[in-house]
Structure formats: C-alpha cells, structure tokens
Amino acid sequence: MSQKVLVVGDVMTDIIVVPEGPLVRGSDRRATVRSRPGGSGANQAVWLGAMGARVLFAARVGEAERGGHEAYFRARGVTPALAGDKELPSGVLVTLVDPDGERSFLTDRGSNLNLCPEDLPETLLDEVGMVVVSGYSFFAPGPRQAVRQLFATAQARGIAIAIDPASTGFLREVGVAQFLGWTGGADYIFANAEEAELLTGKPDPAEQMAALGAHFGTVLLKRGGQSALLGGRDGVRLDLPAPAVTVVDSTGAGDAFAAGFIAARLDGADERAALEKAIAAGARAVQSIGGQPEA
C-alpha cells in the first residue's frame, strides 16, 4: 500500500461498564468494569494499522500522557502526530453496555477540545491518499476550525476526504444543516442507521442514500447486524448482508467498518471487495469488549 491515510480525531480512555442487570438507582449493581484506549479517531487508526495500512494519526492529548500514547500507537503500526496540552488531560469516555450489546456514553473530551490549526500543519498531508475525520471534531469551535482548514488544503491537493458523523446526540446539538454545511463535498460518509435518518429526515435507506448523495460523493450506510449499503445520489449500488455473530460489545464496530473499507480501497480493491472487508471488520469488532482490535 503506497499511499498513507491521515486520521484526525479524539484520543480517549474508555471506561467500559457491563452491568449484570438493570441499574438500581441509589444502590449497587455488580458489573464488569474495564479501562481501555479508545476514541473514534484512535479506534479507526488502530484498526487501520492492524490491517496493514500506512496510517498517520493526528490528535491532541494531555501533555503528561503524550509519551505513553505515542508508544501505544507506534506499537500498533500507527505513526502518531500528537500535540500535547498543558491545561487539560486526555479525554475520558464512560460506556454503559446493555445486555443486548447497545451502548450509552458519558463523555469528557478533555484536551481534544483544544485541537487547533497549529496541530494540523499542511505537511501532514504529504504522501496521503485519504483524510478521515471523526464527526466529534466538528462539535466544538476550535477543532472545527482546524479540520475545516485541513479539508480545504486537502481538497486543493486532490486528496480524498471521508467523514464519520460519530454521534447523533452531538449532531442534534449543532444542527443537521450546520453539520452538512461543514462537511458537504467530502468524498465519503460512513453513517449508521440512526445517523442517516437524523441527517436526512427519512426512514427508508434508499431515500437516505439519495439524500446524502446530494452532499457526499459516496455514501456508506451501516445497518448493524442486517446489512451495509453503498451508493450515492443515483441510489444504492451495493447492498450486502452482515454475518450472524454473537454481539458482545458494539463499541468501535463502525470504526472497524470504516477502517476495513478504507484500507481495502487504498490497496486497490473495488467497491464490492472493500464493502465486504468493511462488513467483516465490523463483525469482528462486536465479538470482543472495547473499540480496538485485541493485541
């Protein structure tokens, strides 16, 4: 694989909580609690590294934790380009996992909120074939300014751009029209069923595809354990089923899906083969705890 992929997004510490049953307000509930590296951008970068991609990961972390984060990413085949923040620590995400594998999140983005244009110099784009940005980077003014500036430079250099909306909660806060205005014109968008419905106001996947295709070159719709669709403004070109697997934790499944598709495309695969790789990666991700591949 000759071209690199640049991933821009959050670095988080994931605190994953799997209760044995429903939470009991004001009392105890036994649970499994684990701490693991996470963050949507970090997850995508590590999955890409596990797939043999040449991946560069740009983010902002707490200065005190920067050395440890850099060593972690290098050990997983990722070249880190991490800025250190002297004011805020690295972000933390608490994930509550329901018995069916669905998740709810409590997010403290920490130093991710201070990502700035100086953290994303144009030199990061050298030898890069695609820039992948997590939607979280658009939900605060500083990071948004930084990634939009990087986008403009990447587009001027003919580098493909991929977007992952990342969070329906934050999308509602900033507004759909605003988000589409900031990200429209990107070459790829990876959206799950809830994100696609929120972004388009349409429940039907075919209608979602056409609506999102008016803003993005290629649309990929992740339908969980059902299927995945690929297409654009002219409709659905591919609709492939997902394999039946036991869901342990759906954290990072969308990140693995995106990484599988991107790695395959940069390696020369056609759309069908790349979508198959994406589905396989997503299915692998849900069968273990945490958002990154097991070392």
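Below, the structure is looked at part by part. (Residues numbered from 1 in each chain as written. Predicted model: local features only at pLDDT ≥ 70, side-chain atom pairs only at ≥ 80, totals over all residues. Heavy atoms only, no water.)

### Quick notes on the environment of E65
In step 1: Topologically, E65 is positioned in the loop between strand 4 (55–62) and helix 2 (66–75).
In step 2: Accessibility expressed as a relative area gives 31% for E65, which makes it partly exposed.
In step 3: Once the C-alpha coordinates of E65 and G84 are considered, the two residues, 19 residues apart in sequence, prove to be 8.2 Å apart.
In step 4: Residues contacting E65, with those up to four places away along its chain left out, are P89 and S90. (Helix = DSSP H or I, 4+ residues; strand = E, 2+ residues; numbered from the N terminus. Buried < 20%, exposed > 50% of the residue type's maximum accessible area, 1.4 Å probe, protein only. Contact = heavy atoms within 4.5 Å.)

### As for the sheet that holds strand 13 (residues 235–241)
In step 1: Strand order across the open sheet formed by nine strands is 5-4-1-8-9-10-11-12-13, with mixed pairing between neighbours. Only two strands of the sheet have a single neighbouring strand rather than two, namely strand 5 (78–85) and strand 13. The sheet shows a mean angle of 20° between the axes of neighbouring strands, taken without regard to direction.
In step 2: Pairing of strand 12 (residues 227–232) with strand 13 involves six bridges; the strand directions are antiparallel. Pairing of A228 across the sheet is with L240, part of strand 13.
In step 3: Strands strand 1 (4–8), strand 4, strand 5, strand 8 (128–134) and strand 9 (160–164) of the sheet are contacted by helix 1 (residues 40–50), whose axis makes an angle of about 150° with strand 4. (Pairing = 2+ DSSP bridges. Axes fitted to C-alpha atoms, helices over the stretch in contact; angles between N-to-C directions.)

### Some points on the side chain of D255
In step 1: Its location among the elements puts D255 in helix 8 (residues 253–266).
In step 2: Of the side chains with opposite charge, K222 comes closest to the buried, unpaired D255, at an N-O distance of 6.3 Å.
In step 3: Engagement of the side chain of D255 in a polar contact is seen with the side chain of S40, the distance being 2.9 Å.
In step 4: There is a polar contact of 3.1 Å between the side chain of D255 and the side chain of N43. (Lys, Arg positive; Asp, Glu negative; His and termini not counted. Salt bridge = Lys/Arg side-chain N within 4 Å of Asp/Glu carboxyl O. Polar contact = N/O pair within 3.5 Å; in protein donor to acceptor, adjacent residues only side chain to side chain.)

### Here's the deal with the sheet that holds strand 3 (residues 31–38)
Strands pair in a sheet through their backbones, by hydrogen bonds, and they do so in one of two ways: parallel or antiparallel.
In step 1: Read from one edge of the open sheet, four strands run 3-2-6-7, paired in mixed fashion. At either margin of the open sheet sits one strand with a lone partner, and together these are strand 3 and strand 7 (103–108). When the angles between neighbouring strand axes are averaged without regard to direction, this sheet yields 20°.
In step 2: When strand 6 (residues 91–97) meets strand 7, the two strands line up antiparallel, connected through six bridges. Bridge assignment links V94 to a residue of strand 7, and that residue is L106.

### Focus: the side chain of S134
In step 1: On the secondary structure map, S134 appears in strand 8.
In step 2: We classify S134 as buried; its relative accessible area is 0%.
In step 3: Setting aside residues up to four positions removed in sequence, S134 forms contacts with V8, G9, S40, G41, D164 and A166.

### Structural notes on the packing of helix 8 against helix 9 (residues 271–285)
In step 1: The geometry of helix 8 relative to helix 9 is characterised by a closest axis approach of 7 Å and an angle of 150° between their N-to-C directions. When the axes of helix 8 and helix 9 are compared, the pair comes out roughly antiparallel. Crossing handedness for the pair helix 8 and helix 9: right-handed. Every residue of helix 9 that contacts helix 8 at A253, A256, F257, G260, F261, A264 and R265 is listed here: E271, A274, L275, K277, A278, I279, A281, G282 and A285. (Parallel < 35°, antiparallel > 145°, perpendicular 65-115°, else oblique. Left-handed = near helix turned anticlockwise from the far one by under 90°.)

### Focus on helix 2
For the α-helix, the turn length of 3.6 residues means that residues three or four positions removed from each other point alike.
In step 1: Within helix 2, the full set of buried residues consists of H69, E70, Y72 and F73. One face of helix 2 carries all of its buried residues, which in axial projection span an arc of 160°. Across from the buried face of helix 2, at angles greater than 90 degrees, the exposed residues are G68, R74 and A75.
In step 2: Against strand 3, helix 1, strand 4 and strand 5 lie the buried residues of helix 2.
In step 3: One or two steps after helix 2, the chain reaches G77, where phi turns positive at roughly 80°. (Arc of directions from axis to C-beta.)

### A short note on the packing of helix 6 (residues 193–200) against helix 7 (residues 205–213)
Any two packed helices are characterised by the angle at which their axes cross and by the distance between the axes.
In step 1: Here helix 6 crosses helix 7 at 60°, and the two axes come no closer than 9 Å. On the basis of their axis angle, the class for helix 6 and helix 7 is oblique. Relative to helix 7, the crossing made by helix 6 is left-handed. In this structure, helix 6 contributes A193, A196, E197, L199 and T200 to the contact, and helix 7 contributes Q208, A211 and L212.
In step 2: Of the residues contributing to the contact of helix 6 with helix 7, the split by class is five nonpolar, two polar and one charged. (Nonpolar A, V, L, I, M, F, W, Y, C, P; charged D, E, K, R; others polar.)

### What to know about the layout of surface pockets
Think of a ball as big as a water molecule: rolled over the atoms, this probe shows where empty space is left.
In step 1: In this structure, the largest pocket encloses a volume near 1400 Å³.
In step 2: Forming the boundary of the largest pocket are 50 residues, of which E102, R103, N192, S250 and G254 lie nearest the centre.
In step 3: Broken down by secondary-structure element, the contributors of at least two residues to the lining of the largest pocket are strand 2 (12–19), helix 1, strand 7, helix 4 (168–174), helix 6, strand 12, helix 8 and helix 9.
In step 4: The residue inventory of the lining of the largest pocket, partitioned by class, reads 18 nonpolar, 19 polar and 13 charged. (1 Å grid on protein atoms, 1.4 Å probe; cavity = no way out; pocket = protein on both sides within 12 Å on 5 of 7 lines; lining within 4 Å. Points joined across faces, edges and corners; volume = space filled by probe spheres on them.)

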